[in-house]
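Analysis of the macromolecular model
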Amino acid sequence: MKENANLLFVFLFKTPIEGSGYSLAWYILFVFIIAGALLFFAANFAGITSFIERRIAARIQTRVGPNVVGPQGILQWVADGIKLLLKEDLIPDRADQFLFRVAPYFVFSGLFAAFVALPFGYGIVAADLNVGVYYIFAITSLVVVGIIMGGWSSNSKWALFGALRSAAQIISYEIPTALSLIPVIMLTGSLSTQDIIKAQGGLPWDWFVFHSPFTFVCFVVFFISALAEGNRIPFDLPEAESELVSGYNTEYSGFRFLVFPMAEWANLWVIAAMVSLTYLGGWQVPFVSIETLSGSLVLIFLSVAVFVIKTSIVVFIVMQLRWTLPRVRVDQMTQLCWTYLVPFCLVAIVGTMIWMLIFPWETRVALLLRLMMFGIGFAFCFFYVRRIRFNYFNDKTAYENLKKKSPWYPIWRLP
Amino acid sequence: MTPYFNAVATTLYSIFEGMAVTTSYLFRRPSTIQYPNKLEKPLEEQLSDRYRGILQVDTSVCIGCRICEKTCPIDCIAINLEKNKETKERFLTRFDIDISKCMFCGLCSENCSTCAIYHTKFFNGATQNVDELVVRFVDSPIVLYKHRKDSDPKTREKDLSGVIVKQKMVKQRMKKQKTAKQEMPVNKISKHKIKEEIL
Amino acid sequence: MPESELKYLKPQALAFKEEMILNMGPQHPSTHGVLNFLVVTDGEVIHQALPNVGYLHRGIEKLAEQTSYTGFIPFTDRIDYLAAMFANHVYVLAVESLAEIEVPERAQFLRVIACELNRIASHLISTGALALDIGASTPFVHWIRERECINDIMEAICGARLTYSYMRVGGVSRDISQKIVDDIYKFLDHFEPIIDEYNRLISFNEIFVRRLADVAIISPVDAVNFGLVGPNLRGSGITMDIRKIIPYSVYDQFDFDIPIGKGFKGSLGDCYDRYFVRILEIKESCSILRQALSQIPKGDIKAKVKRKLKIKENECYACVESARGEMGMYLVSDGSDRPYRLKIKTGSFTAMSIVEKVSQGLMVADLIALIGSLDVVAPEIDR
């Protein structure tokens, strides 16, 4: 980042920074600019995603979704935000006033700090930490501190239930999250997010997910435990709205309440970005080597686009899971963690070690095996499309008879 | 060991099947209509003719038998009849229906021998004041209908869309607002006077 | 919590400091209306759950004594708003048997068609709401969409979507046309594949199965002793259906099975059995509907009944198999034009009695599943 700051200084003022005497002030200013840009991205992503999720959920539930505020309802999230801002900031009687006020800050800062180490494209990362991956999972654990604070201080039994569930959940799922990344780290030899992406390739069979059956298992485990860390269905136990009214944020209102859902949607990006950078090749552009990528500005923007598309697909899958699955119970959540995810991870780590020894990455046999794994993945997707087709045609003629309309109405056709 | 792996397999496969169902809905037509702004066809056409909406009374064919008043389980219909002693003609002087009480059961319209009282498809008659929901169908006394052999009142054309009753309700509301506006300053003065008297 | 209610809690319940009293409802999202549960919990584990009913008591039984025999029909819609047709049916059956009125056969068939459509609609809400309680919101909306088709058919038949008031003493209020029959056939053609799709989406979903299987097991003995009826009783493996045992209307002319719980995914009498029995009953209702539509005879839809019905001193009990089990009405007449006394027996009320016994040792999330699987409707409990 320091180099980028230097470059920008030269570009703006036509003098090298070393001799100017403003270097410290410029660096501090630059940090604030980057922080502002990241905050802008996180807040807007959370808002727009909330709108898109509602539209997708509506179509899954054969509804239309919000389409009144602005063209196609695109400004719905702004309206919601303004509405919550104008609401009274209510603090319950007998609540722990200080903790109640402070809790949203913890939730917010814990999530926002994770964006620092997340890459967006080749060389585009706020801080290329050498412990990047573990930094992200350590700092997002701060969210649970905020949730426990909020739940405890609300002086409500439902909120307390939500907070304690959240504590149990995060403590359990930190372990499979960390363990399931070990194969990636072994394959890369580094914890830096940029190094992990650089170790993979642009084409699908050069991604870590198709490296071996063991990394594929780890990918699934990582995806599941990332869902649990992000409090998404099927692991949204802390705010199980049908059981605990609204869980830890039952007593919150106004802008303090807004922070919780906003953090949840911003977390969606963190989850999806982590999944795509560790296992799905990150910003690697197909047929372009890293040397040529670093030279051209156009290719760097292309890498950003590739990363955003991959992340968006993962975000979409996470959303769709939310609107498909029911919620697990508390004991099932911990049981799933300790009897399935953790043993699978441990086996997969050992398996990956052995695989790496027998089939090193560069060898032709390893490439063949990766191609085979990719073939299996492709066959899976093909089967998935077949099932979707089956479900569509299952109802087609009867629907046409009943409603006298064609059921074909794809998602890109806006009502 | 087998149940352990079976559980994993069935879980993943059932989630896969569920995802396939939800994805297929992304390509299927939404089943909701966007009331009231973007309707494909007017709501009156979408409701069936038997729809039991707000009641409408065609006072020109009312024979004054009072069966509707008697069958109504919650007494929301009020009818007054008067008789001219010289000409022996009977008049309908009052036919009020309190829609705020009405539970749209259809017992009154079912027993009407001339279909003078019937349900329309009009349903969205919300007002700010409950009193405005009492619809008065008789403005001035109306001579009661008598059965004739050449015409059957049941086959006549009915106002199923409820335009007449809607207009009637709007008219009543306007009238009420006018009288309320006229009364307003009087009330203020009287309140002031009361205050002065207390002081 | 008021002092007067504390005495119903177990004496040892408050002795331990670790236990806390959770007041669930009446504004809780998944108590299916205004219901209150006093839950004594140790963390997530429930030690005792006391249902507290009566928030929706409207005195419908007393209202019957002040309205005429015909005039009470619209009130019966309000007993159970999800299955209004059954309350209509049982009331007119009671009045007809008191007044000794013969109902034309076509009217009987129309009643069966309307009732079975209503049974499907009610079970759709029940199974969908259970999925919603477990946390999956999509299945509920899909079922609501199917129920909307039934509502449209109901609107074409009798003019209302929820409070039908379709039945009359001596028959039904309106006839159905060939167009409506065709519409029902079209709906069934569309609906039967959707049941399988729904099963793929949620019924066989492993997370859903694990949330319900082996949870809140009601043994057959308990089910009988606590007076459970309908799908809740059949979920415990007891073949008991008023439609078969005391055939009323024309149910003896149809060929249908009574689905009972067999421990489909867990053990006999768990939440999943009660849930899946309802899904199977929807399929049975579809087959009854097809049979009824094909055999529907021509004729009158209403027997000749005096407008002002007066019934001599007598009493009778009539019952039907409602969507929530046996719904019975005990009617006493005294020679006037209005009932002397009416007592209504409903399935949800007896289902509430077993909550206290079964809920011990469950988790808070399981209690929600139990309430959902019992398919209680608050106005039916309190009347």
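What you are looking at is a predicted structure, and each value in this text was computed from that prediction instead of being measured. Along each chain, numbering runs from 1 in the same order as the chain's sequence is written. Written order determines the labels here, with chains lettered from A and ligands numbered from 1. A pLDDT threshold of at least 70 governs which residues receive local features in this predicted model, and a stricter bar of 80 or more applies before side-chain atom pairs are shown or counted, although totals over entire chains, interfaces and linings include all residues. Hydrogens and water molecules were not included; the side-chain quantities draw on all heavy atoms of the structure.

1. With respect to the pairing of strand E7 (residues 325-333) of chain C
Residue and element names in this part refer to chain C. The cut-off we apply is this: Exposed residues in this analysis have more than 50% of their type's maximum accessible area, buried residues have under 20%, and partly exposed residues fall in between, with area computed by a 1.4 Å probe over protein chains only. Counting from the N terminus, the helices are DSSP H or I runs at least four residues long and the strands are E runs at least two residues long. Strand pairing is assigned whenever DSSP detects at least two bridges linking the two strands.
Counting buried positions along E7 yields eight of nine residues, so the element is predominantly enclosed. Direction of pairing for strand E6 (residues 314-322) relative to E7: antiparallel, over a ladder of nine bridges. Bridge pairing in E7 places Ala 318 opposite Met 329. As consecutive antiparallel partners, E6 and E7 are separated by two residues.

2. Quick look at the packing of helix H5 (residues 105-134) of chain C against helix H15 (residues 364-374) of chain C
Residues and elements named next belong to chain C. We apply this condition: Whenever a helix is involved, its axis is fitted only over the stretch in contact; in every case the axis is a line through C-alpha atoms, and angles between N-to-C directions fall within 0 to 180 degrees. Roughly parallel here means an angle under 35 degrees, roughly antiparallel means over 145, roughly perpendicular means 65 to 115, and every remaining angle is called oblique. Residue contacts are counted whenever heavy atoms from the two residues lie within 4.5 Å of one another. Any residue that is not Ala, Val, Leu, Ile, Met, Phe, Trp, Tyr, Cys, Pro, Asp, Glu, Lys or Arg is counted as polar, Gly included; the first ten are nonpolar and the last four charged.
Where H5 contacts H15, the two axes come as close as 9 Å, and the packing angle between them is 175°. Taken together, the axis directions place H5 and H15 in an arrangement best described as roughly antiparallel. Counted together, Leu 130, Asp 133 and Ile 134 of H5 and Ile 368, Ala 369, Gly 372 and Ser 373 of H15 form the full contact between these two elements. The class makeup of the residues in the contact of H5 with H15 is four nonpolar, two polar and one charged.

3. Digging into the nonpolar core
Nonpolar side chains tend toward joint burial in soluble globular proteins. For clarity, the threshold we go by: Throughout, nonpolar core names a set of buried Ala, Val, Leu, Ile, Met, Phe, Trp, Tyr and Cys residues whose side chains join them through atoms within 4.5 Å.
Ranked by size, the top nonpolar core spans 129 residues in total, and within it Leu 117, Tyr 166, Phe 191, Leu 212, Phe 254, Tyr 275 and Leu 367 of chain C carry the most contacts. If we ignore the near neighbours within four places in the chain, the residues touching Leu 212 of chain C are Leu 130, Ile 134, Asp 270, Cys 271, Tyr 272, Tyr 275 and Ala 369 of chain C. Counting residues in each nonpolar core, the second largest holds 101 residues, with Cys 218, Val 221 and Val 270 of chain A together with Leu 26 of chain B among its members.

4. Some words on empty space enclosed by the protein
All names here are of chain A. Put simply, the rule is: Think of a 1 Å grid over the protein atoms and nothing else: a 1.4 Å probe that fits but is trapped marks a cavity, an open set flanked by protein within 12 Å on at least five of seven lines marks a pocket, and residues with an atom within 4 Å of a point count as lining. Grid points are joined across faces, edges and corners, and a volume is the space filled by probe spheres set on the points.
Summed over all chains, the structure comprises seven cavities of 30 Å³ or more. There is about 130 Å³ of room inside the largest cavity. Around the largest cavity, the lining comprises 13 residues; the ones closest to its centre are Phe 137, Thr 140, Glu 229, Gly 230 and Asn 267. For the lining of the largest cavity, the elements supplying multiple residues, two or more each, are helix H6 (132-140), helix H8 (157-188), helix H10 (213-229) and helix H11 (254-278). If you tally residues by element for the lining of the largest cavity, the top one is H11, at four residues. In the lining of the largest cavity, the residues fall into seven nonpolar, four polar and two charged.

5. Focus: the sheet that holds strand E2 (residues 36-42) of chain C
Residues and elements named next belong to chain C. With respect to topology, three strands assemble into an open sheet ordered E1-E2-E3, the strand pairing being antiparallel. The open sheet is flanked by strand E1 (20-24) and strand E3 (45-52), the only strands paired with a single partner. Neighbour-to-neighbour, the strand axes of the sheet open up by a mean angle of 20°, direction not taken into account. In this structure, E2 lies alongside E3, joined through seven bridges in antiparallel fashion. Within the sheet, the bridge partner assigned to Val 40 lies in E3 and is Gln 48.

6. Describing the side chain of Ser 48 of chain B
For clarity, the threshold we go by: The definition of a polar contact used here is a pair of N or O atoms within 3.5 Å, where within protein one atom must be able to donate a hydrogen and the other to accept one, and adjacent residues in sequence count solely through side-chain atom pairs.
Inspection of the secondary structure puts Ser 48 of chain B in the loop between helix H2 (43-46) and strand E1 (55-57). Within the structure, Ser 48 of chain B has its side chain in polar contact with the backbone oxygen of Glu 155 of chain C (distance 3.0 Å). Discounting residues that sit within four places of it in the chain, Ser 48 of chain B has contacts with Lys 121 of chain B together with Glu 155 and Ala 156 of chain C.

7. Quick look at unusual backbone geometry
At Arg 66 of chain B, a residue that is not glycine, the phi angle is positive and equals roughly 65°. Within the secondary structure, Arg 66 of chain B sits in the loop between E1 and helix H3 (67-71). Within the chain, Ala 216 of chain C stands out as a residue other than glycine whose phi angle is a positive 50°. Take Ala 216 of chain C: it is sitting in the loop between helix H8 (206-212) and helix H9 (220-225). Residue Ala 216 of chain C is classed as buried on the basis of its relative accessible area, which comes to 4%.

8. Things to note about the packing of aromatic side chains
Our working rule: Aromatic rings from Phe, Tyr and Trp, taking only the six-membered ring of Trp, are treated as a pair when their centres fall within 6.5 Å; an angle between ring planes under 30 degrees marks them as stacked, one over 60 as edge-to-face, and anything in between as tilted. Counted as over-ring charges are cases with an Arg CZ or a Lys NZ within 6 Å of the ring centre that also lie within 35 degrees of the ring normal.
Considering all chains together, one arrives at 51 aromatic pairs over all chains under this definition. Between the aromatic rings of Phe 41 of chain A and Phe 120 of chain A, the centroid separation amounts to 5.2 Å while the plane-to-plane angle is 85°, which identifies the pairing as edge-to-face. Placement of the pair is Phe 41 of chain A in helix H3 (residues 23-60) and Phe 120 of chain A in strand E1 (residues 119-121), with a sequence separation of 79 residues. Its relative accessible area of 27% is what places Phe 41 of chain A among the partly exposed residues. Through successive ring pairs, a cluster of aromatic residues spans Phe 41, Phe 45, Phe 115, Phe 120, Trp 269 and Phe 307 of chain A. For Lys 244 of chain C, the ring lying beneath its charged end belongs to Phe 256 of chain C, and the centroid distance is 4.6 Å.

9. As for the sheet that holds E6 of chain C
Residues and elements named next belong to chain C. A sheet is described by the order of its strands in space; here three strands give the open sequence E6-E7-E8, paired in antiparallel fashion. A strand with exactly one partner marks an edge of an open sheet, and here the two such strands are E6 and strand E8 (341-345). With strand direction ignored, the average angle separating the axes of adjacent strands in the sheet is 10°.

10. Digging into the pattern of salt bridges
Close approach of charged atoms allows side chains of opposite charge to pair. As a reminder of what qualifies: By definition here, a salt bridge exists when the distance from a side-chain nitrogen of Lys or Arg to a carboxyl oxygen of Asp or Glu is within 4 Å.
Counted by the stated rule, this structure contains 50 salt bridges over all chains. A salt bridge links Glu 17 of chain B to Arg 200 of chain C; the nearest nitrogen and oxygen atoms lie 3.8 Å apart. Of this pair, Glu 17 of chain B sits in helix H1 (residues 2-25) while Arg 200 of chain C is found in helix H7 (residues 178-203), placing the two residues in two different chains. The exposure class of Glu 17 of chain B is buried, given its relative accessible area of 5%. Put simply, Glu 281 of chain C and Arg 234 of chain C hold a salt bridge, and the shortest N to O gap is 2.5 Å. With Glu 281 of chain C in helix H12 (residues 271-295) and Arg 234 of chain C in helix H10 (residues 231-235), this pair connects stretches of sequence that are 47 residues apart. Neither residue differs from the other here; Glu 281 of chain C and Arg 234 of chain C are each classed as buried. If you follow the salt bridges from partner to partner, you end up with Glu 116, Arg 119, Arg 234, Asp 241, Arg 243, Glu 281 and Glu 321 of chain C in one network.

11. Re the interface of chain C and chain B
With 34 residues of chain C in contact, the opposing surface of chain B contributes 27 residues. Here Arg 28 of chain B and Glu 197 of chain C are joined by a salt bridge, their closest N and O atoms 3.2 Å apart. At the junction of chain C with chain B, the criterion picks out 13 residue pairs in polar contact (both at pLDDT 80 or more). Listed by contribution, the elements that provide at least two residues to the side of chain C that touches chain B are helix H3 (73-76), helix H6 (138-158), H7 and H8 of chain C. Looking at the side of chain C that touches chain B, the element that brings in the most residues is H6 of chain C, giving seven residues. Tallied by class, the residues present in the side of chain C that touches chain B amount to 12 nonpolar, 10 polar and 12 charged.

12. Considering the packing of H3 of chain A against helix H13 (residues 297-322) of chain A
Residue and element names in this part refer to chain A. For the record, the criterion: Take the far helix as your reference; a near helix turned counterclockwise from it by less than a right angle gives a left-handed crossing, and one turned clockwise gives a right-handed crossing.
Packing of H3 against H13 brings their axes to within 10 Å, and their N-to-C directions diverge by 50°. The angle between H3 and H13 places the two elements in the oblique class. Here H3 and H13 pass one another in a crossing that is right-handed. Between H3 and H13, the residues in contact are Phe 45, Thr 49, Ile 52, Glu 53, Ile 56 and Ile 60 and Val 315, Phe 316, Met 319, Gln 320 and Arg 322, respectively. Looking at the contact of H3 with H13 residue by residue, the classes come out as seven nonpolar, two polar and two charged.

13. Examining the confidence of the model for chain B
We apply this condition: The quantity called pLDDT is the predictor's confidence in a given residue, expressed from 0 to 100.
Residues with a pLDDT of 70 or more make up 91% of chain B, whose mean pLDDT is 80. No element of chain B has a lower mean pLDDT than helix H5 (residues 163-198) of chain B, at 68, and none a higher one than H1 of chain B, at 89.

14. Structural notes on the interface of chain C and chain A
As a reminder, the rule being used: We define buried area as the total accessible area lost by two parts upon association, computed with a 1.4 Å probe and summed across both.
Each partner contributes to the interface: chain C provides 44 residues, whereas chain A provides 36 residues. In total, chain C and chain A occlude about 3,300 Å² of area from one another, counting both sides; carbon and sulfur atoms represent 58% of this. The tally of links between chain C and chain A comes to two salt bridges. The salt bridge involving Arg 165 of chain A is made with Glu 44 of chain C; its shortest N-O contact spans 2.5 Å. Counting across the interface, chain C meets chain A through 11 residue pairs in polar contact (both at pLDDT 80 or more). Of all the secondary structure elements, the ones that give two or more residues to the side of chain C that touches chain A are E1, H5, H6, H7, H8 and H15 of chain C. Broken down by element, the side of chain C that touches chain A gets its largest block of residues, 11 residues, from H7 of chain C. The residue inventory of the side of chain C that touches chain A, partitioned by class, reads 22 nonpolar, 11 polar and 11 charged.

15. Here's the deal with the side chain of Arg 329 of chain A
Assignment of secondary structure puts Arg 329 of chain A in the loop between H13 and helix H14 (330-358). Within polar-contact distance, the side chain of Arg 329 of chain A engages the side chain of Asp 331 of chain A at 3.0 Å. Setting aside anything within four residues of it in sequence, one finds Arg 329 of chain A in contact with Leu 237 of chain A together with Arg 210, Arg 211, Val 215, Met 363, Ala 365 and Asp 366 of chain C.

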